[in-house]
Amino acid sequence: MRHLGGEMAGWTDTGPAGGPTYGYLLESLVPVGGRVLVAGPHDLTLLAALRAYADVTCLVRGEPDAVSLEAAGFDVLCGTLAKLTGEYDTIVALDGVGRLCSVEGPQYDWAESVRVLHRSLRPGGSLLLAVENELGVHRLVDRITPTAAHTDADWRPLGEYDDSKPGTPARLREHLITEGLTPGWLATAWPLPAAPTLVIDEPRLRYGPAGALAAAASAATGAAYAARPVLSDPRRLAATAIRAGLGPELAPAWLVLAFRGPGVPVTLPAAVRGGGPMPPLPEGRLLEELLIGAALRHDLPALRRLLTSWVAAAPEFAADNVIVDGDVFTVLDQSLVDDSPIHRFAETLLAGGYDHPWPHAGDVPSLAAVLLAAAGASFSGDFTPSVAPDSVREHEERVRRLEEQLADAAERTRYAEAELVRRDAELRKARLQIDMFSGGVGYRLGRIGMRAARAARRRLRKTP
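Figured I'd write up the structure that's included with this text. Every value quoted in this text rests on a predicted model; they were computed, and no experiment measured them.

**Considering the packing of helix α11 (residues 287–296) against helix α13 (residues 341–351)**
1) Next: Between α11 and α13, whose axes approach to 11 Å, the crossing angle comes to 55°. As summarised for this structure, α11 and α13 are arranged oblique, according to the angle between their axes. Once α11 is placed against α13, the crossing between them reads as right-handed. Contact residues: E288, L291, I292 and A295 in α11; F345, T348 and L349 in α13.
2) Next: Of the residues in the contact of α11 with α13, the class split is five nonpolar, one polar and one charged.

Okay, here's the thing in structure tokens:
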């Protein structure tokens, strides 16, 4: 272990960058046999896989982290980024540059940190850098502000106020060019910067099949945020951003491969999920989106048509796993079999606060029964509710709908009470009239008078 100066004794950086997706990218982007600097905290599994085909040196600021890496057989530099020297064929900074400075040294902003890494590249070398997007989906749904200290590591929380940090993919490219680097491959990382499970290159995300890409990003985001408290459902936000063509601008992070000198052609799949490339994605719209749109318009014929076609073409797959192109239904992931997909869609409608034509169906079983009837299907078995993000906005929407239902019920109750009072008054009046003419003295006198009048009328008629 080589001490650069500024190392932090007793300090460990938690949550290192890692995961099989990053592992696949390193294997594809880092040249075999080169001298590689891994800057910042990275998962030990990732480093071990990289060491199998490259000469790896790790730069960390925490002394306990450095000791652990040295014990694992790595060449380690311990200290602050400001003391970094040497030249490398490749520099990997998948954790970004925010955790490379020490409290014992100068506090570099984003641009200054990238400049130091640039100087440490040999001519022709490459920099693989992750850049967190401060306006990414993960930030927009986070209940914690990034500009306030929440842990000991946040001694300088700048968040979106680091003016040197680019805020869009276009500005990221411009900054790298200004720095003297040649941007090459640029991709977006979902759903979390430290350990993404889905990486899609920018052109594919912007111009590719929006329905299938939105479904992939929504599924990855939902898995990462299951049962986590958030401001708003990140699945809806991710899918909406991609459908609107704003996926690159709202991605949680950008991954860029830049070169010191002329760029080198890079061949990578357009989308990577887990530890390998995604299969080709079909064109068309997500079935769930079409169903929700028809429900919002109260378009009952369209709903029946979609539901019956769904049951006929893909009855074992959820609506967020089926792409519709005309009359063709394509399942995105055949391994995700669902034993109650229509119940799942009913749950989506209610949990998201979407309007639909059956306001009386206020729970999943009731709404699912209506949808099953519309689809001409039946259901036998138990439905297991899904674990969704714990969203404040969706909670507020459900409370609002409950308040509307309570207000409607209260109005119906007031009307019913007023009708009861009116009809009770009419009933009392009718009873009084009945009592008056049902055997009293007045009633008998009236009958006698009526008989006398009839007799007098008959006599008058007989008189010539």
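Picking up after the structure, the text goes on.
**With respect to a positive patch on the surface**
1) Next: Taken together, R451, R454, R457, R458, R459 and R461 make up a surface patch of like positive charges.
2) Next: By secondary structure assignment, the location of R458 is in helix α16 (residues 441–462).

**Quick word on the nonpolar core**
1) Next: Counting 51 residues, the largest nonpolar core has L117, L129 and W190 as the members making the most contacts within it.
2) Next: Discounting chain neighbours no more than four positions away, the residues touching W190 are V137, P196, T197, L198, L205, A217, A238, I242, G247, L250, A251 and P252.

**Things to note about the packing of α13 against helix α14 (residues 364–375)**
1) Next: Two numbers describe how α13 lies on α14: the axes approach to 9 Å, and their chain directions differ by 125°. Put simply, α13 runs oblique to α14. At the point where α13 passes α14, the crossing takes the right-handed sense. Contact residues: α13 offers I342, H343, F345, A346, E347, L349 and L350, while α14 offers V364, L367, A368, L371, L372 and A375.

**Describing the side chain of E288**
1) Next: With respect to the secondary-structure elements, E288 resides in helix α11.
2) Next: Salt bridges are absent for the buried E288, whose nearest opposite-charge side chain, R235, sits at 7.1 Å.
3) Next: Aside from chain neighbours lying at most four places away, what touches E288 is A319, D320, F345 and T348.

**Here's the deal with the state of the cysteines**
1) Next: Under the defined criterion, the tally for this structure stands at zero disulfides.
2) Next: C78 forms no disulfide, and the closest cysteine sulfur to it belongs to C58, at a distance of 11 Å.
3) Next: For C78, a relative accessible area of 0% translates into the label buried.
4) Next: A disulfide-free cysteine, C101 has its sulfur positioned 14 Å from the sulfur of C78, the nearest such atom.

Here is what the cut-offs are and how they apply
Residues numbered from 1 in each chain as written. Predicted model: local features only at pLDDT ≥ 70, side-chain atom pairs only at ≥ 80, totals over all residues. Heavy atoms only, no water. Axes fitted to C-alpha atoms, helices over the stretch in contact; angles between N-to-C directions. Helix = DSSP H or I, 4+ residues; strand = E, 2+ residues; numbered from the N terminus. Parallel < 35°, antiparallel > 145°, perpendicular 65-115°, else oblique. Left-handed = near helix turned anticlockwise from the far one by under 90°. Contact = heavy atoms within 4.5 Å. Nonpolar A, V, L, I, M, F, W, Y, C, P; charged D, E, K, R; others polar. Patch = residues over 30% accessible without salt bridge, like charges linked within 9 Å, V, L, I, M, F, W, Y side chains within 5 Å. Areas by Shrake-Rupley, 256 points an atom, 1.4 Å probe, with all protein chains shown as cover. Salt bridge = Lys/Arg side-chain N within 4 Å of Asp/Glu carboxyl O. Lys, Arg positive; Asp, Glu negative; His and termini not counted. Charge placed at Lys NZ, Arg CZ, Asp CG, Glu CD. Core = buried A, V, L, I, M, F, W, Y, C linked by side-chain atoms within 4.5 Å. Buried < 20%, exposed > 50% of the residue type's maximum accessible area, 1.4 Å probe, protein only. Disulfide = S-S within 2.5 Å.

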